Each structure stands twice: as C-alpha cells, then as structure tokens.
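# Architecture at a glance
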Amino acid sequence: MLNVSEIQTFEHDVLVIGAGGAGLRAAIECSARGLNTGLMCKSLLGKAHTVMAEGGVAAALGNVDRRDSWKVHFRDTMRGGKFLNQWRMAELHARESPDRVRELEEWGAVFDRTRDGLISQRNFGGHRYPRLAHVGDRTGLEIIRTLQDHAVHKGFGIYMECTALELLLDGGRVAGVLGYWRESGRFVLFRTRAVILATGGGGRAWRVTSNSWEYTGDGTAMAYDAGAELMDMEFTQFHPTGMVWPPSVRGILVTEGVRGDGGVLLDSKKERFMFRYIPEKFAVETAATEEEANRWLAGDKQARRPPELLTRDVVARAITQEVNEGRGSPHGGVYLDIASRLPAESIRKKLPSMYHQFKELAEVDITRQAMEVGPTLHYFMGGVRVDDDTQMSSVPGLFAAGECSAGMHGANRLGGNSLSDLLVFGRLAGVGAEAYVKGPGAAPRVDDEQVRSAVRRAILPLNREAGPNPYVVHEDLQGVMGRYVGIVRNEADLQAAVREIDRLKADAAAVKATGASQYNAAWHEALDLRSLLITAEAVTRAALVRQESRGAHTRLDHFSEREEWQKVNVIVRKGKDGTMETRVETRRDPPAALAAIAHATIEDLEAGRV
Amino acid sequence: MSERTFRIWRGTAAGGSFVEHRIEVDEGMVVLDVLHRIQAKQANDLAIRWNCKAGKCGSCSMEINGRPRLACMTRMNLYTAGDAITIQPLKTFPVVKDLVTDVSWNFEQNKRIPPFRPRPRGADGQHRMLQADVDRVQEFRKCIECYLCQDVCHVLRDQSRKDAFVGPRFMIRLASLEMHPLDTEDRIPAVRKDFGSGLCNITRCCTEVCPEHIEITDNGIIPLKERVVDRFYDPLLWLRRTIFRR
Ligand SMILES: Cc1cc2nc3c(=O)[nH]c(=O)nc-3n(C[C@H](O)[C@H](O)[C@H](O)COP(=O)(O)OP(=O)(O)OC[C@H]3O[C@@H](n4cnc5c(N)ncnc54)[C@H](O)[C@@H]3O)c2cc1C
Ligand code: SF4
Ligand code: SF4
Ligand code: FES
C-alpha cells in the first residue's frame, strides 16, 4: 500500500493554484498579510494566459477623457453583461481598478503615456470612453512581468510546472491539495487551510480557440468535485476576431485594439457591414453613418462611437451571419482593415505584436493588406460561484478569482475588464483568505485514504495495458463542442452534445498513456481530460437550461432576451449520486443606488444627477 | 500536403539520441504544429513546452537546424522541401527530457536583482513620465523570457560562466530598471561585480537571435557598461555626478 508519508509534502496557510494575474496578485496579498503562502502553476512562471493579453486593462482613471468615472465604467459593465453580473462585484471592480493599476505602476509597470505624462488610455468595445491602460498591444506581458518580478522578492513558495489534481477535504472544508511535478511525474502533497483557485478558463474543449493547452478547466472541475457550485457556465465568449488563415493558426487572437484604433470590418465586397447590426438598445450611443464614426475617431466629442466597437457578442454574431449568408472572405471569415485607415508607421507603433504575428504566421503585412478574421472561443464568463466580497465558494476555505470564478461579467465580458478583474479580485481573494485562515476552527487534517485514492486514479492511464489515445479523445471532444455548443445553439444540438459527452466520458476513463511518468505529454493530456469533460458538460447543461438568448449565449430556438430570465442564474453542482445537477436560482434585487446608476441616461450620470 | 523528415532528439539527462519521424505537413504550418502532430500520432510522450503559439510567451524555445528559435514562429516553408529538419533542446541548459530543458537557473538570477524602488508620487498623487523617456525601457520590457539569448551567449554556452555572468536577458532586465525614469535604486556596482558586465565582449550573438528584436547589446548592455566605466574608471566624472545629481 502507498505510504502517504513518503510523498513530498509542503505546508501552507494558503495555497494559490495558478500564477496568472489573479493568482500572482492573490499570492502577493496573502504574503503581505503575513500568511504562509504557496503558489503553484502548470507552466513556468510568467507563461500563464495573462501574458498573452494584448489590448489593455480597464480602469476609469479619466486620464484621456475627464468625463470617465467609476459610475460610467460600472454602467458599461452591467449593460455589457446584460444585467446578469453580480451587482456588488461589478461595483467593487469599477471602484477599485484605478487603484490596482496605479499600484502596478508603483511596482514598476511602464504603461504608455499621454502627452502630459499620465498613463494613456485607449478605446475598446463597450467602453464609453478611452479607458484601457495599455502598453502597445502587450499589456498582459507588462502586467504579469511586473507581478512576477514583485512576487519573487516576497519570499513565498513558488512551485512551477506543478499541476494540481484534486482538492482534499476534511469534513467539507479545504484541507489540502494533491498535485504532481510535470518534470518528474512525482506526486506532491500540500497541507493547507485555504486554497485560492486562479486556474483560468476551459477553452481547450473547443477546436477554434485563443486559449493555450493550460485552459482545460481544472479549477472549475476541482471545485465541482469538491462540492462547490458553478454559475453562468452557459456564457462562453467568442471573441469576434481570431485569425482564420492559415489553418494552423486558426483561433489565435487579433486584439480588439485594432478596432479601437480605427480598424473596420468588411465583407467580401469590401463593404462595411456593422452599421446593419446595431441593436436597438445601443442605437442612441452608436454612430449612424460612416461619416459620424470617422469624426468620433478623430476625437469629436459630439460624435458617437463606430459600430465595430459594439460588445463582443454583437460583433461575433454579425460576423457569423455575414459568413453564413455567403458574404465571407475566401477562408470563411471577414476582413478587418486597418491598412487603409492609419499610416503604416502608426500601425507598427500602436499594434506591434499584431504586425509581427500576421507577418510571421500568415505572411500578411497588416500595414498594406486587410486581415481575415472570424470568431474564436476566448473566455469563460462562468466558473466557480463566489461570495461577492470575500471570493469564497460554497466550500469553506475554497476561494476563486480571475477567469475561473463567476459573477463579475454576467452574460458577456467587455474587453479589458478581465485584466482589471484579476487585479481587483485577486487581491480581494487574498483579503478573504486571511479572514478565513485567522478565523476560528481547528486546523483541518488530510485523510490518507483520500490521498491514496487520488494517486491511484491519477496513475491508471499509465498502468493500463491498452486503451484509447488521449489525444484522439481530446480531438473528438473539440469536434463535439464545435459542432453542437458553438456560437449559436439549440435544444436538439445541446441534447446531442450531452449524449456525446457521456460517450467520451467512457473513452476518457479508459485512455492509455504510453511511456514513463517523467514529463510525459500523453499522461498530462489523459489527466486533463477529466476537467475538460466536466467543464464541457457544465457549459452544455447550463446552455440547455437557459431558454433565451442573452449576451454570449444565443439559442436559435429562443431567439431573444426574455425578461424573466434576467432574474435568474443557472447553477450547476454535483448531485448526491455523482451526476451533474442544474437549477435556476432567483437573483437578489440590486441595491437601489446601483440600479439607479446602471439604468441612468448617460447625460444624467455625467451631470451628477445620479 | 507533403511528407517531411524530422530528426528529433529524444532522451533525458542520462543520455539520448536522434529519432527520425516522417510526417505529413500542411500549408501554413509552423514547426510547433508538426511537433504536435508527431506527438499525437507517433510519439505520444514527446516532451515539449509551449503556451501561446503566437510568439508571446517564450515557452517553445529549441534549436532547429542548429539555430535557437521559437518553434511556434518558425514556418515550415523556411526550409527546402527534401531536407530533413533537425530539432534539439537548448544546449546551454541541462536536459530534462526530449526538447525540455531545466531553465531554473534563470529564475534564480532574477531573484538576485535588487527590485524596483520608485521615487515618491507628485503632489497630485500621480507619477508623470514622458513617452520619449519610457520608450527606452519599454524596448527591454518586451522580453518574453524565451532565453534564446541566454542559450546563444558564448559566456554561458561555451565558457560555462554561469557563476560569473547573468547573461543578456538579465543584463537588459538590469538596464530596464536602471533606465526606468522613476527608479531610485543604484545597481551599477552590482552590474559590474555581481552580474559580471565585464565578461560580455559585445559579439552581439544575443541580439541576433532575439525574437522580440530587442537591441540587447547596443541599447542595453553597452550603455550599462558605459555607466560602469564612468563610475569606476573616471573618478572626476564620478565626483561631479555624486555632487550634482545625487
Ligand atoms: C490572446 C488573448 C488576449 C487577451 N487580451 C485581453 C485584453 O487585452 N484585456 C483583458 O482584460 N483580457 C484579455 N484576455 C483575457 C485575459 O488574458 C484572461 O482572461 C486572464 O489573463 C486570465 O487570468 P487568470 O489569472 O484568471 O488566469 P491565467 O493567466 O490563465 O492563469 C492560469 C494559471 O493557472 C494555472 N493552472 C491551471 N490549471 C492548473 C492546475 N491544475 N494546477 C496548477 N496550476 C494550474 C496555469 O498554469 C496558469 O498559471 C486575453 C486572453 C487571450 C487568450
Ligand atoms: S554580446 Fe555579450 S551578452 Fe550578447 S552574446 Fe555576446 S557576450 Fe553574450
Ligand atoms: S531578450 Fe530576447 S532573446 Fe533574450 S529572453 Fe528576452 S525575448 Fe528572449
Ligand atoms: S508558444 Fe509561446 S512563444 Fe512559442
């Protein structure tokens, strides 16, 4: 029998799983508050998803347009999220993000500057004013490097290329985590009172995605297995502009900054089509003609914003419709043109990594040619349900922040609101964890038998004689999700997906990984399948429940938003018999003051009448 | 599209050898795509690092036909159709397995660098910096920590002087702090003594391989070396600086 005392063991007050923006910020906070902190991540430090974020971090600093304020940011966020956001979270986010951005500057971040030396801000979809603090188009790199460089001097434990497998519980509370080192394949045990999940999303369940191999929904799945509730899982964001050609780069992101800086979307006849897709709700705030849109871009404060900058769900659906109706580009996308809108030199200056990316991967010079783009699975609005203020899930001692948590973005996330989300809620999760760890309650104990059975489960794929190839099972799942749980959905497709996922669960339970456990990609793939399947099933079942179209979730059989569905969230959790349960839960009424802000006209808000 | 031959180094710290794979390559593929295909179809347990597949994370560093490169930014049409392509791990760092090396030494270097120490904010609570002044450090901050420059620097690669020189990546990290308009820490003595600026003899090999096109030597290392020289070898200049500037 496996002797648990022989497994390498670390002890912490709090273990943060994930070292992207959310995890790093959380760990910094925990350690600053005197907690014995550990931070683990699947990749090397500094390689998490956050490094790829391009456009910017949203914060109402008001440096470029003085009319901006936390209230306008809050209003934009609620409207973008179709009023399904947790009101309090959207409030905290809008109020605190300016401080979080300034704090980064204090830690060494070098944002682009305005003419008078302040942090510069750029336009982005759904944001009324230029609000995104940025560094060219590599803002995520700047943020993660700043946090990383700050963190390495804080003296907490950092475990790289170390993957968490299961949460260990003691009487329903968090007691520890079992993981393994990728490098050696050896297991590692963390004994800890609290865990902060910061594992990001689960886009790898789809084929066309901007996400890296790490995005297999591990945090979501571990929380689910531990009994936590998931929320908003039906809302998976398709970013309107991913690369579509060549096939090997399909899905790789083209930043929204291209449209923020004046880029326009064109159909196969090179006609601008977004003017035909302006939703009624946004009509009063969107330019009616090209001429007005151009004036806005030139800085005319009376003009309204171009329709290319409508929220992501609107733009992604418009592109899908253009393509479906035969007006797409040769490779099944549409054109995104910045070449005819800006001089070559300023394109290279403002969008250096986009220039580089197209040049090297697609042999396209974006200062001369239009890009071909189409929707790509990008972001999970849903995830672990947490308390608005403390970020604790329904499992005591289990916290979540960043993309793997739910609530902040509602039905659709505005660009730039993720990086600020990481910083605001990463920090708050640290505050929440401190209160929990220093609160009453005896230290939890890890049950040896739980550890043994987790280890046994993990090594099964290596020990089997034969079984399906894990890569093939993963590809199969990606096909299923692309076909049935895409940007537009209907009941029959979603039912088909549920059946296919059941079939794939059986395959995944029987996969065989060849070779030894040391840095074995097939074994890692086999282990990721479990989280991918839980995550995919949660999205599919939640999408079945929500019988309306709202934000990122479009049901062809329930084509419009329905008033009654604005009042509920869809909750997913593991039932007593081990099967996945869904239910709808009525939302609390918003605080009157917040509701007034969200529903105010922009004139009233800016005149200080609300 | 067409079948191509790859010679991939397989093995561990204990030893290894090249293994040949023949595989279909489609239009537009980069080397990383082919490696993934080999992994899925022929060598399930092949060890590779990657994340972004767009040249942004610096994970997929390896040596392709003898040249340190990012596999995700290396298009297959760079190579002549009939020729075999040789792929091996970075040479300067110990092998873990296959194409994955142990780069932890780099993370240790970063911890040794004295952190950013900003001057106080202005009376209005703001830090002000001009774009012209930040341009310089922003160039260095583009670094994606791929360590290709570390791999190619002969002080580390051939002379194995990891004990005495931090390497080009951390020289530009030092430069980005030293040239940061808000920073007040003085790292120049350490640049010379602890970080070994004297060992670099400006061959520019590092600059040549940098996928971010950072002018590592001209814009980073040489100005740092000049600061060292000013400080330590020109007492008059040093005196004038201490009196008037600090
Ligand atoms: C190409 C691209 C561009 C983007 N651009 C923008 C933008 O301009 N503005 C914006 O606001 N947002 C942007 N986003 C979204 C944003 O980058 C992400 O939502 C955000 O970075 C998520 O951060 P996170 O801290 O939650 O997770 P991540 O940064 O993804 O980090 C997840 C961490 O969890 C670790 N992990 C996962 N599973 C495990 C496990 N089982 N065990 C141990 N560790 C684990 C990973 O190793 C990683 O360290 C972009 C996203 C992409 C993909
Ligand atoms: S220029 Fe200096 S740092 Fe760069 S490779 Fe040559 S010796 Fe190394
Ligand atoms: S300086 Fe260039 S080559 Fe060196 S690690 Fe950074 S990006 Fe890579
Ligand atoms: S995978 Fe990120 S640089 Fe190649």
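Nothing here was measured: the structure is a model prediction, and the numbers come from that model.

### Considerations on the overall build of chain A
The number of helices and strands found in chain A is 18 helices and 18 strands. The globule rule puts the C-alpha radius of gyration for 610 residues at 25 Å, and the 23 Å found for chain A is close to it. Overall, chain A is about 75 × 50 × 50 Å in size when its C-alpha atoms are taken along their principal axes. Of all 610 residues assigned to chain A, the portion counted as buried reaches 67%. Of the roughly 20,400 Å² of accessible surface on chain A, 49% is carried by carbon and sulfur atoms. Here chain A contributes 78 positive and 81 negative side-chain charges, whose respective centroids are spaced 1 Å apart.

### Regarding the pattern of salt bridges
Residue and element names in this part refer to chain A. All chains considered together, the criterion is met by 89 salt bridges over all chains. Salt-bridge contacts for Glu285 lead to Arg75; the nearest nitrogen and oxygen are separated by 3.3 Å. Of this pair, Glu285 sits in the loop between α7 (280–283) and α8 (290–297) while Arg75 is found in helix α2 (residues 70–80), placing the two residues 210 residues apart along the sequence. Residue class for Glu285 comes out buried when judged on its relative accessible area of 15%. The exposure class of Arg75 is buried, given its relative accessible area of 2%. A network of salt bridges, in which partner residues are shared, links Arg25, Glu29, Arg33, Glu96, Arg100, Glu103, Arg427, Glu434 and Lys438.

### Details of the sheet that holds strand β10 (residues 230–231) of chain A
Residues and elements named next belong to chain A. The strand order β15-β10-β17-β18 describes an open sheet built from 4 strands, whose pairing is antiparallel. Of all strands in the sheet, those bounded by a partner on one side alone are β15 (383–384) and β18 (580–586). In the packing of helix α16 (residues 521–545) onto the sheet, contacts are made with β10, β17 (568–574) and β18, and the angle to β18 comes to roughly 45°.

### Some points on the site of ligand 2
Residue and element names in this part refer to chain B. Close to ligand 2 lie 14 residues; Cys153, Cys200, Thr203, Arg204 and Cys206 are nearest. Looking at the shell around ligand 2, the elements with two or more residues in it are α5 (154–157), α8 (205–209) and α9 (216–233). A per-class count over the shell around ligand 2 returns 9 nonpolar, 4 polar and 1 charged.

### Some remarks on unusual backbone geometry
For the peptide bond that leads from Trp245 of chain A to Pro246 of chain A, omega is -5°, which places it in the cis range. Even without a glycine there, the phi angle at Phe83 of chain A is positive, about 65°. As for its placement among the helices and strands, Phe83 of chain A is situated in the loop between α2 and α3 (87–106). Positive phi values are uncommon outside glycine, yet His213 of chain B reaches one of about 55°. Relative accessible area serves as the criterion here: at 53%, His213 of chain B is assigned to the exposed category.

### Observations concerning the sheet that holds strand β12 (residues 264–266) of chain A
Residue and element names in this part refer to chain A. The sheet built from 4 strands is open, its strands ordered β11-β14-β13-β12 with antiparallel pairing. Edge positions in the sheet fall to β11 (236–243) and β12, since each has one partner strand and no second. With strand direction ignored, the average angle separating the axes of adjacent strands in the sheet is 45°. As paired strands, β12 and strand β13 (residues 334–337) are joined by 3 bridges and run antiparallel to one another. The residue of β13 that forms the bridge with Val264 is Asp337.

### What about the interface of chain A and chain B?
Taken residue by residue, the interface counts 63 residues in chain A and 60 residues in chain B. Interface area, chain A with chain B, both sides summed: about 5,200 Å², of which 50% is carbon and sulfur. Counting the contacts that link chain A with chain B gives 9 salt bridges. For Arg121 of chain B, the salt bridge is made with Glu105 of chain A, and the minimal N-O distance between the two is 3.8 Å. Seen at the junction of chain A and chain B, the total is 44 residue pairs in polar contact (both at pLDDT 80 or more). For the side of chain A that touches chain B, the leading source of residues is helix α11 (residues 352–362) of chain A, giving 7 residues. Of the residues contributing to the side of chain A that touches chain B, the split by class is 26 nonpolar, 17 polar and 20 charged.

### Some details on the site of ligand 3
Within the structure, ligand 3 sits among Cys143, Ile144, Glu145, Cys146, Tyr147, Cys149, Arg169, Ile172, Cys210, Pro211 and Ile216 of chain B. Tallied by class, residues from the shell around ligand 3 come to 9 nonpolar, no polar and 2 charged.

### Describing the packing of aromatic side chains
For the structure on display, the rule yields 13 aromatic pairs over all chains. A centroid spacing of 4.7 Å and a plane angle of 55° characterise the contact between Phe10 of chain A and Tyr159 of chain A, whose relative ring orientation is tilted. Remark: Tyr159 of chain A occurs in strand β6 (residues 157–159) and Phe10 of chain A occurs in strand β1 (residues 8–17); sequence separation between them is 149 residues. Between Tyr159 of chain A and Trp181 of chain A, the aromatic rings sit 6.2 Å apart at their centres with planes inclined by 55°, giving tilted as the arrangement. Note that Tyr159 of chain A is positioned in strand β6 and Trp181 of chain A in strand β8 (residues 173–181), a separation of 22 residues in sequence. An aromatic cluster is present here, built from Phe10, Tyr159, Trp181 and Phe190 of chain A joined pairwise through their rings. Of note, Arg192 of chain B hangs over the ring of Phe232 of chain B, and the distance from its end group to the ring centre comes to 4.2 Å.

### As for helix α12 (residues 417–437) of chain A
With 21 residues, α12 of chain A extends 29 Å from end C-alpha to end C-alpha; this agrees with the ideal 30 Å at 1.5 Å per step. Counting buried residues along α12 of chain A, 18 of its 21 residues qualify, which places the element largely inside the surrounding structure.

### Considerations on the confidence of the model for chain B
Mean pLDDT over chain B stands at 94; residues scoring 70 or higher make up 96%. What the predictor reports for the complex is a pTM of 0.95 with an ipTM of 0.94.

### Some thoughts on the packing of helix α6 (residues 168–178) of chain B against α9 of chain B
All names here are of chain B. Where α6 contacts α9, the two axes come as close as 9 Å, and the packing angle between them is 65°. Our classification of the angle between α6 and α9 gives roughly perpendicular. As for the relative orientation of α6 and α9, their crossing is left-handed in sense. Residues Pro168, Met171, Ile172, Leu174, Ala175 and Glu178 of α6 form the contact with α9, whose participating residues are Ile216, Gly220, Ile221, Leu224 and Arg227. Along the lines of polarity and charge, the residues of the contact of α6 with α9 split into 8 nonpolar, 1 polar and 2 charged.

Cut-offs applied
Residues numbered from 1 in each chain as written. Chains lettered and ligands numbered in written order. Predicted model: local features only at pLDDT ≥ 70, side-chain atom pairs only at ≥ 80, totals over all residues. Heavy atoms only, no water. Helix = DSSP H or I, 4+ residues; strand = E, 2+ residues; numbered from the N terminus. Rg over C-alpha atoms; globule rule 2.2 N^0.38 Å. Buried < 20%, exposed > 50% of the residue type's maximum accessible area, 1.4 Å probe, protein only. Areas by Shrake-Rupley, 256 points an atom, 1.4 Å probe, with all protein chains shown as cover. Lys, Arg positive; Asp, Glu negative; His and termini not counted. Charge placed at Lys NZ, Arg CZ, Asp CG, Glu CD. Salt bridge = Lys/Arg side-chain N within 4 Å of Asp/Glu carboxyl O. Pairing = 2+ DSSP bridges. Contact = heavy atoms within 4.5 Å. Axes fitted to C-alpha atoms, helices over the stretch in contact; angles between N-to-C directions. Near = heavy atom within 4 Å. Nonpolar A, V, L, I, M, F, W, Y, C, P; charged D, E, K, R; others polar. Buried area = accessible area lost by both parts, 1.4 Å probe. Polar contact = N/O pair within 3.5 Å; in protein donor to acceptor, adjacent residues only side chain to side chain. Phe/Tyr/Trp six-rings, centres within 6.5 Å; stacked < 30°, edge-to-face > 60°. Lys NZ or Arg CZ within 6 Å of the ring centre and 35° of its normal. Expected span 1.5 Å × (residues − 1). pLDDT = per-residue confidence, 0-100. Parallel < 35°, antiparallel > 145°, perpendicular 65-115°, else oblique. Left-handed = near helix turned anticlockwise from the far one by under 90°.

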